[in-house]
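If you want the building blocks of each chain, they are given just below.
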Amino acid sequence: MAQVQRMSRLMVKTLRDDPADAETISHKLLVRAGYVRRTAAGIWSWLPLGKKVLDNISHIVREEMDAIGAQEVLLPALLPKEPYEASGRWEEYGDLLFRLKDRKGADYLLGPTHEEIFTQVVKDQCTSYKDLPVMLYQIQTKYRDEARPRSGVLRGREFQMKDSYSFDTTDEGLEESYQLHRAAYQKIFARLGLDYRIVSAVSGAMGGSASEEFLAPAPAGEDTFADCPNCSYAANTEAVTFALAPVEGAEHGPVEVLDTPDTPTIETLAAHLGVPASATLKNLLVKVDGEIVAVGVPGHRDVDLGKLGEHLAPAEVELVTAEDFEGRPDLVRGYVGPQGLDKVRYIADPRVAPGTAWVTGANEDGKHARNVVAGRDFEVDDYLDVVVVEEGDPCPNCGNGLKLDRAIEIGHIFQLGRKYADTFQLDVLGQQGKPVRVTMGSYGIGVSRAVAALAEQTADGQGLCWPAEVAPADVHVVAAGKALQTELALEVSEKLNAAGVRVLVDDRAGVSPGVKFTDAELIGVPKILVAGRRSADGIVELKDRRTGEREELPVAEAVARLT
Ligand code: ATP
Ligand code: MG
Ligand code: MG
Ligand code: MG
């Protein structure tokens with residue numbers, strides 16, 4: 001049986017002041033309530049209370065992943081370079097990747113996400129269509145050298161992610177695996193008690209559900225999304241992010257790559273291409289001989305820049321706006337991994353990021369791509385304030401004025417298609433005896449980020465305020481007095497514990513009731529039970545942390561209420 005957790009023995013030191021460098025509510029409160037401790041920039045230690053919340057979240061995630069038939073594995077975080085070189089991400093990730101060498105000088109990396117390695121595992125383990133579909137997941141430490149990790153565990157350089165991957169032989173199969181994950185995520189976030197929206201990571205104008213993000217509205221969020229107050233429409237406006245996906249079957253123009261030592265501006269690019277640089281450019285479409293060969297797809301990243309280079313025929317290229325996408329969902333294709341991200345962000349709006357606009361791919365001469373990277377080429381804050389949709393713009397669904405809100409990305413689901421399967425030639429023997437190329441999905445949840453997202457959404461002026469299933473305990477019993485109160489508090493705690501209630505009891509000697517109350521509010525367990533003034537009569541006070549409602553009750557009744 002679980003033990004009563006006694007504050008007198010728990011390693012928890014609460015702080016009255018916010019840490020000097022803390023900017024977000026979750027950063028301040030998780031540190032002050034003794035859940036986490038900063039070890040280095042973006043690198044956090046999880047203390048006993050924090051570890052419990054983290055584990056509770058992992059537990060929910062695990063149950064729901066198991067429920068859809070996903071199998072848990074654990075892959076290494078320390079990875080060889082070669083698979084990432086094969087996929088192109090060793091380069092594409094740029095500064096985001098932690099790279100290191102072993103004693104023999106061989107290159108390694110700390111995994112930022114694991115598409116490559118999972119593909120290899122499945123190539124090794126699954127050889128026939130009978131072995132598929134398969135869904136695999138892990139809850140594991142990830143590493144990304146984020147440019148400005150300053151929001152506490154919201155954006156770590158080391159963080160916990162649940163990542164899963166689906167492997168199917170058909171497009172219908174992939175769709176099914178994707179929908180299973182989508183439904184599992186809905187259950188997970190509902191159980192966590194998070195307020196969330198599912199937004200298409202592809203702009204509404206382009207349709208398609210091939211990538212969706214789960215966003216938790218919160219002022220501390222670094223994503224902006226458009227929300228219709230009138231209908232169910234919600235979309236990510238991270239549309240300053242452009243990825244250029246070549247359209248299959250288009251004519252190839254001659255290759256030309258901008259060869260400039262500086263990141264060219266949109267004006268430079270436009271001049272080079274001989275097209276007007278529109279200040280309101282919302283999306284990028286590249287046409288060659290009237291044929292659209294590449295599209296700027298909001299929310300899509302990690303693209304093969306080289307492919308665009310192949311298509312570019314500068315004299316004939318024109319840049320057009322979002323309206324050109326209307327009714328052409330077929331233009332959205334060929335996109336790939338979800339997690340090349342930060343390396344491949346294209347800012348096409350000169351109002352936002354002057355001096356950053358364009359990226360070119362390497363051509364046969366080996367001239368290299370120059371990428372625009374958030375945090376390196378421009379201030380992340382500038383980027384955050386940029387949205388493609390403006391407040392009050394008409395909702396594509398119902399015409400009502402859109403609202404813009406900040407949110408935290410807590411999950412991301414992707415239909416990857418065959419990009420990684422192509423890279424690693426992942427085929428299985430099909431029903432007809434011929435090899436079939438496998439199609440993949442990848443699905444992430446920020447487990448450690450969810451702790452912070454919950455703190456952001458649920459905290460109040462007094463402190464943290466956890467939803468029941470993730471709280472580090474169900475009841476926080478406070479011994480507000482001397483020996484008599486402590487004795488009663490411990491007695492009630494044992495009774496509750498025996499009934500399966502998770503109890504944290506503040507039995508600290510020499511700590512005033514006032515300090516104990518303040519700490520209980522700060523720590524944020526949903527129910528607070530106080531053994532105080534009326535302990536001699538066996539009367540305790542039961543308080544709801546969220547509503548503040550309080551009631552005096554005989555011990556037996558209080559126990560009954562809580563079990
Ligand atoms: P962001 O846009 O916030 O940088 P991402 O799009 O780069 O996130 P994904 O590659 O989609 O992240 O990873 C899957 C999930 O992992 C994200 O939805 C998020 O919840 C979580 N995550 C990503 N980066 C971090 C980080 N630095 N710290 C904590 N959680 C993270
Ligand atoms: Mg990122
Ligand atoms: Mg993102
Ligand atoms: Mg993402």
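What comes next is a walk through the structure. (Residues numbered from 1 in each chain as written. Chains lettered and ligands numbered in written order. Predicted model: local features only at pLDDT ≥ 70, side-chain atom pairs only at ≥ 80, totals over all residues. Heavy atoms only, no water.)

1. A closer look at the coordination of the magnesium ion (ligand 4)
As a benchmark, a tetrahedral metal site with four donors has ideal angles of 109.5 degrees, while an octahedral site with six donors has ideal angles of 90 or 180 degrees. So the rule is basically this: For Na, K and Ca the donor cut-off is 3.2 Å; for every other metal, N, O and S atoms count as donors within 2.8 Å. Water does not enter the count, which can leave sites looking incomplete. Three labels apply to residues, based on accessible area from a 1.4 Å probe with only protein chains included: buried if under 20% of the type maximum, exposed if over 50%, partly exposed otherwise in between.
Here the magnesium ion (ligand 4) is held by the protein donor atoms Glu-409 (OE) and His-412 (ND1), which lie 2.1 to 2.2 Å from it. Here the magnesium ion (ligand 4) and the magnesium ion (ligand 3) are spaced 3.2 Å apart, linked through Glu-409, which binds each one. Given the relative accessible area of 22%, Glu-409 is considered partly exposed.

2. Observations concerning the sheet that holds strand 23 (residues 527–531)
So the rule is basically this: Two strands qualify as a pair provided that DSSP identifies no fewer than 2 bridges between them. Runs of H or I in DSSP of at least four residues are treated as helices and runs of E of at least two as strands, each being numbered from the N terminus. We call two residues in contact whenever any of their non-hydrogen atoms come within 4.5 Å of each other. Axes here mean lines fitted to C-alpha atoms, for a helix over just the part in contact, with angles spanning 0 to 180 degrees between N-to-C directions.
With mixed pairing, the six strands of this open sheet are ordered in space as 1-22-21-23-24-25. If you trace the sheet from one side to the other, it starts and ends with strand 1 (5–6) and strand 25 (550–554), each paired once. Helix 13 (residues 513–523) contacts strand 21 (475–479), strand 22 (503–506), strand 23 and strand 24 (539–544) of the sheet and is inclined by roughly 170° relative to strand 21.

3. Quick look at the sheet that holds strand 7 (residues 107–110)
Taken in spatial order, the three strands make up an open sheet running 5-7-6, and their pairing is antiparallel. Two strands bound the open sheet, and with one partner strand each, they are strand 5 (78–80) and strand 6 (98–101). Neighbour to neighbour, the strand axes of the sheet diverge by 35° on average, direction disregarded. Looking at chain direction, strand 5 and strand 7 are connected through three bridges and run antiparallel. Residue Pro-80 lies in a different strand from strand 7, and its bridge partner there is Tyr-108.

4. Re the pattern of salt bridges
Applicable threshold: The term salt bridge refers to a side-chain nitrogen of Lys or Arg lying within 4 Å of a carboxyl oxygen of Asp or Glu.
Overall, the coordinates contain 36 salt bridges when judged by the stated rule. One salt bridge connects Arg-182 with Glu-212, and the closest N-O pair in it is separated by 2.9 Å. Of this pair, Arg-182 sits in helix 6 (residues 171–192) while Glu-212 sits in strand 11 (residues 211–217), placing them 30 residues apart in sequence. Arg-182 gets classed as partly exposed once you look at its relative accessible area, which sits at 22%. Looking at Glu-212, the relative accessible area reads 8%, which means it is buried. Of the charged contacts in the structure, one is a salt bridge between Arg-508 and Asp-506, with a shortest N-O distance of 2.9 Å. A relative accessible area of 0% places Asp-506 in the buried class. Through salt bridges with shared partners, a single network forms among Glu-63, Glu-64, Arg-191 and Glu-469.

5. A word on the packing of helix 2 (residues 48–67) against helix 11 (residues 447–458)
Threshold: Orientation is classified from the angle alone, with under 35 degrees giving roughly parallel, over 145 giving roughly antiparallel, 65 to 115 giving roughly perpendicular, and any other angle giving oblique. Two helices crossing with the near one rotated counterclockwise from the far one by less than a right angle form a left-handed crossing, whereas a clockwise rotation gives a right-handed crossing. Any residue outside Ala, Val, Leu, Ile, Met, Phe, Trp, Tyr, Cys, Pro, Asp, Glu, Lys and Arg is labelled polar, Gly included; the first ten of those are nonpolar and the last four are charged.
In contact at an axis separation of 9 Å, helix 2 and helix 11 are set at 115° when each is read in the N-to-C sense. Between helix 2 and helix 11, the angle is such that the two are roughly perpendicular. Here helix 2 and helix 11 pass one another in a crossing that is right-handed. Residue-level inspection shows Val-53, Leu-54, Ile-57 and Ser-58 of helix 2 in contact with helix 11, the latter providing Val-447, Ser-448, Ala-450, Val-451 and Leu-454. For the contact of helix 2 with helix 11, the residue count by class is seven nonpolar, two polar and no charged.

6. Observations concerning the environment of Asp-427
Looking at where Asp-427 falls in the secondary structure, it is placed in strand 18 (residues 427–429). Along the primary structure Asp-427 and Arg-62 are separated by 365 residues, whereas in three dimensions their C-alpha atoms are 29 Å apart. Setting aside residues up to four positions removed in sequence, Asp-427 forms contacts with Pro-435, Val-436, Arg-437 and Val-438.

7. With respect to the pairing of strand 24
For a regular strand, side-chain orientation follows a simple rule: the groups alternate between the two sheet faces. Most of strand 24 sits inside the fold, with six of its six residues counted as buried. What you see with strand 24 is no split at all: Ile-539, Glu-541 and Lys-543 on one side and Val-540, Leu-542 and Asp-544 on the other are buried throughout. Bridging between strand 23 and strand 24 involves four bridges; their strand directions are antiparallel. Directly across from Ile-528, in strand 24, lies its bridge partner Lys-543. Of the strand pairs in this sheet, strand 24 and strand 25 are connected by five bridges, and their pairing is antiparallel. Among the inter-strand pairings, Lys-543 is bridged to a residue of strand 25, identified as Arg-550.

8. Remarks on the pairing of strand 7
Here strand 6 runs beside strand 7; their pairing, made up of four bridges, is antiparallel. Bridge pairing in strand 7 links Leu-100 to Tyr-108. Linking two consecutive strands that pair antiparallel, namely strand 6 and strand 7, is a turn of five residues; a positive phi of about 90° is found at Gly-105 within it.

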